[in-house]
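# Breakdown of the fold
For reference, the chains in residue letters:
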Amino acid sequence: MSQAKGFNPFEMAQKQFDKVADLLELDTGTREILRNPMREYAFNIPVRMDDGKVKVFRGFRVQHNDARGPCKGGIRFHPQETVDTVRALAMWMTWKCSVVDIPLGGGKGGVICDPHNLSAREQEGICRGWVRQIAKVVGPLSDVPAPDVMTNAQHMLWILDEYEAIHGGHYPGLITGKPVGLGGSLGRKEATGYGLVFVLREALRELGMKPENTSASVQGFGNVAQFAIELYQRLGGRVICVSCWDQKDQTSYTFKKEPAIKLEELLGITDRFGGIDKEKAKDLGYQVLPGEAWLTQDVDILMPAAIENQLTGETAPRISRKVRVVAEGANGPTTPEADEVFRERNVFVLPDFLANAGGVTCSYFEQVQSNMNYFWEKDEVLGKLDVKMTSAFHGVSELARQKKLYMRDAAYVIAINRVAQACKDRGWV
Ligand code: GLU
């Protein structure tokens, strides 16, 4: 699951954008506004480490577009973080909020660090340091962060606590993904994985496939993958393998069991980053295969739910001819070259910014609940999430059918059109 050298996610995001901008015949001004982030920040975060020495981490926040509402998007902790990755992810957030039609724009943040090697206290230092550097430009009405790769509710609370200390008041709307009981929403943990399965369920229905007759192979075993597997299996689907990163060996492995993996069993031997213990898995009867084995399995559905740049011009041709659906839980897992392969093979792609929009949609519900200071039951949150995801899916698939567009392009057309219109209505172009 490592990043290929030379891969630039921002170039990929721009390439995807340019294609649809041509299709929509967007004017030059709108293109220029949308092709690049509105604002971006890069800064140092000095942290006193447990050994007493100060280490300086590099942090980022990119605000891609706020024509439809405050910027919204997670903060990633990743050892290979780059500003271009954050730019791409910020742009994808703009399209994500737009395609599900929530009143928010797009942003993303990151810190170059590896939380595997950091104590809780050191991570707290990074969180507090991050927001100290950026406290003037984030806020409930301007830019609202959230969890992402290797960050969670605890990190969000440290950031909020520091922000509130700086501003001297309570500002629960600063950040989403907060712990339940401290401004968080029930269902937020489940939201991205469940949202992925809500749209998968609709896609299968459209393809005339019954979930109970399907099988899937999953990349990743973090927050998104775990809840996606849980709901997909509840619908009757069989996940035959998951692939995840092994920190000790600095490589990834695929864990396979037929007729299906057992979620509870794997969760019992998984660390907090979604890494599965190899030896214990073998004891439980799992085959341990090379990391890439997940993508060559004879399954109906592939769920890349880890990180960007996994289905590429090189790997996509190796997927099984049986695969009918690719449900993108990760952001940016598929390159334009792989899209060509899928298009040619008539694979039904649930594009990332639609398929994984459940997280930010629930973040939006969290904001609404925080503003009212009245919190909904979990079923209510998940019910509203289902309605939003299902209607976004049908909007996109209907357009794809009508105009004979590839699903990703149809999702882009809807998302970009809404943002372009907002820029125009505001008089920016
Ligand atoms: N990090 C998540 C994403 O990529 C959620 C963002 C949010 O809740 O603001 O969609």
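Note: the structure precedes this text.
Calculation rules
Residues numbered from 1 in each chain as written. Predicted model: local features only at pLDDT ≥ 70, side-chain atom pairs only at ≥ 80, totals over all residues. Heavy atoms only, no water. Helix = DSSP H or I, 4+ residues; strand = E, 2+ residues; numbered from the N terminus. Rg over C-alpha atoms; globule rule 2.2 N^0.38 Å. Buried < 20%, exposed > 50% of the residue type's maximum accessible area, 1.4 Å probe, protein only. Contact = heavy atoms within 4.5 Å. Areas by Shrake-Rupley, 256 points an atom, 1.4 Å probe, with all protein chains shown as cover. Lys, Arg positive; Asp, Glu negative; His and termini not counted. Charge placed at Lys NZ, Arg CZ, Asp CG, Glu CD. Pairing = 2+ DSSP bridges. Axes fitted to C-alpha atoms, helices over the stretch in contact; angles between N-to-C directions. Near = heavy atom within 4 Å. Polar contact = N/O pair within 3.5 Å; in protein donor to acceptor, adjacent residues only side chain to side chain. Nonpolar A, V, L, I, M, F, W, Y, C, P; charged D, E, K, R; others polar. Core = buried A, V, L, I, M, F, W, Y, C linked by side-chain atoms within 4.5 Å. Right-handed = clockwise from strand over helix to strand, strands pointing away. Parallel < 35°, antiparallel > 145°, perpendicular 65-115°, else oblique. Left-handed = near helix turned anticlockwise from the far one by under 90°. Phe/Tyr/Trp six-rings, centres within 6.5 Å; stacked < 30°, edge-to-face > 60°. Lys NZ or Arg CZ within 6 Å of the ring centre and 35° of its normal.

## Digging into the overall build of the protein chain
- Looking only at helices and strands, the protein chain has 14 helices and twelve strands in total.
- In terms of C-alpha radius of gyration, the protein chain reaches 20 Å, essentially the compact-globule figure of 22 Å for 429 residues.
- If you line up the protein chain on its principal axes, its C-alpha atoms span 55 × 55 × 45 Å.
- Taking all 429 residues of the protein chain together, 59% fall into the buried category.
- By sequence separation, contacts in the protein chain at least 24 residues apart represent 72% of the contacts at least 6 residues apart.
- For the protein chain, the accessible area works out to roughly 17,200 Å², and carbon and sulfur atoms hold 50% of it.
- Each charge class in the protein chain was averaged separately, 53 positive and 54 negative side chains, and the resulting centres sit 1 Å apart.

## Re the sheet that holds strand β4 (residues 106-112)
- Pairing is mixed in the open sheet, where five strands are placed in the order β1-β2-β4-β3-β5. One side of each edge strand has no neighbouring strand; the edge strands of this open sheet are β1 (39-48) and β5 (143-147). Looking at each pair of strands side by side, their axes are set apart by 25° on average, direction ignored.
- As defined by bridge partners, strand β3 (residues 71-78) adjoins β4 across four bridges and the pair is classed as parallel.

## Examining the environment of G395
- Among the structural elements, G395 can be located in helix α13 (residues 378-403).
- Residue classification places G395 among the partly exposed residues on the basis of a relative accessible area of 33%.
- In sequence terms G395 and A411 are 16 residues apart; their C-alpha atoms lie 8.4 Å from each other.

## A word on the site of the ligand
- Of all residues adjacent to the ligand, which total 14 residues, the nearest are K72, K96, P147, D148 and S363.
- Between the ligand and P147 there is a distance of 2.9 Å, counted from a nitrogen atom to a backbone nitrogen or oxygen.
- Take S363: an N or O atom from its side chain is 2.5 Å from an oxygen atom of the ligand.
- In isolation the ligand offers 300 Å² of accessible surface; the protein chains occlude 94% of this area.
- Those elements giving two or more residues to the shell around the ligand turn out to be β3, α3 (83-99), β5 and α12 (358-372).
- Across the shell around the ligand, the residue classes tally to four nonpolar, five polar and five charged.

## Quick notes on the nonpolar core
- Among the nonpolar cores identified, the biggest contains 89 residues, and W95, V242, M303 and L350 are the most heavily contacted of them.
- A per-element tally of this core places helix α14 (residues 407-425) first, with twelve residues.

## Here we look at the pairing of β4
- Within β4, six of the seven residues are buried, leaving the element largely enclosed by the surrounding structure.
- As paired strands, strand β2 (residues 54-65) and β4 are joined by six bridges and run antiparallel to one another. Bridging across to β4, R61 finds its partner in G109.
- Traced from β3 through α3 to β4, the parallel crossover comes out right-handed.

## Overview of the packing of helix α6 (residues 188-207) against helix α7 (residues 223-234)
- It is the contact of α6 with α7, at a shortest axis distance of 7 Å, that shows an interaxial angle of 45°. Considered as vectors, α6 and α7 are oriented oblique to each other. Between α6 and α7 lies a crossing whose hand is right-handed. Seen from α6, the contacting residues are K189, E190, T192, G193, Y194, L196, V197, F198 and L200; seen from α7, they are N223, V224, F227, A228, E230, L231, Y232 and R234.
- When grouped by side-chain class, the residues that make up the contact of α6 with α7 number ten nonpolar, three polar and four charged.

## Quick notes on the environment of P336
- Looking at where P336 falls in the secondary structure, it is placed in helix α10 (residues 336-345).
- Taking C-alpha positions, P336 is 7.3 Å from M12, a pair spaced 324 residues apart along the chain.
- The residues contacting P336, other than those within four sequence positions of it, are M12 and K15.

## A few points about the packing of aromatic side chains
- In this structure the tally under the stated criterion is nine aromatic pairs.
- Here the aromatic rings of F17 and W95 are separated by 5.9 Å at their centres, their planes lie at 0°, and the arrangement is stacked. Of this pair, F17 sits in helix α1 (residues 9-24) while W95 sits in helix α3, and the two are 78 residues apart along the sequence.
- With centroids separated by 6.3 Å and ring planes inclined at 35°, the aromatic side chains of F348 and F393 adopt a geometry described as tilted. With F348 in strand β12 (residues 348-350) and F393 in helix α13, this residue pair connects regions lying 45 residues apart in the sequence. Here the two residues F348 and F393 agree in accessibility, since each one is buried.
- Each residue in the set F17, W95, F353 and Y412 is aromatic and connected to the rest through ring pairs, giving one cluster.
- Between the NZ or CZ atom of K384 and the centre of the ring of W376, over which it lies, the distance is 4.5 Å.

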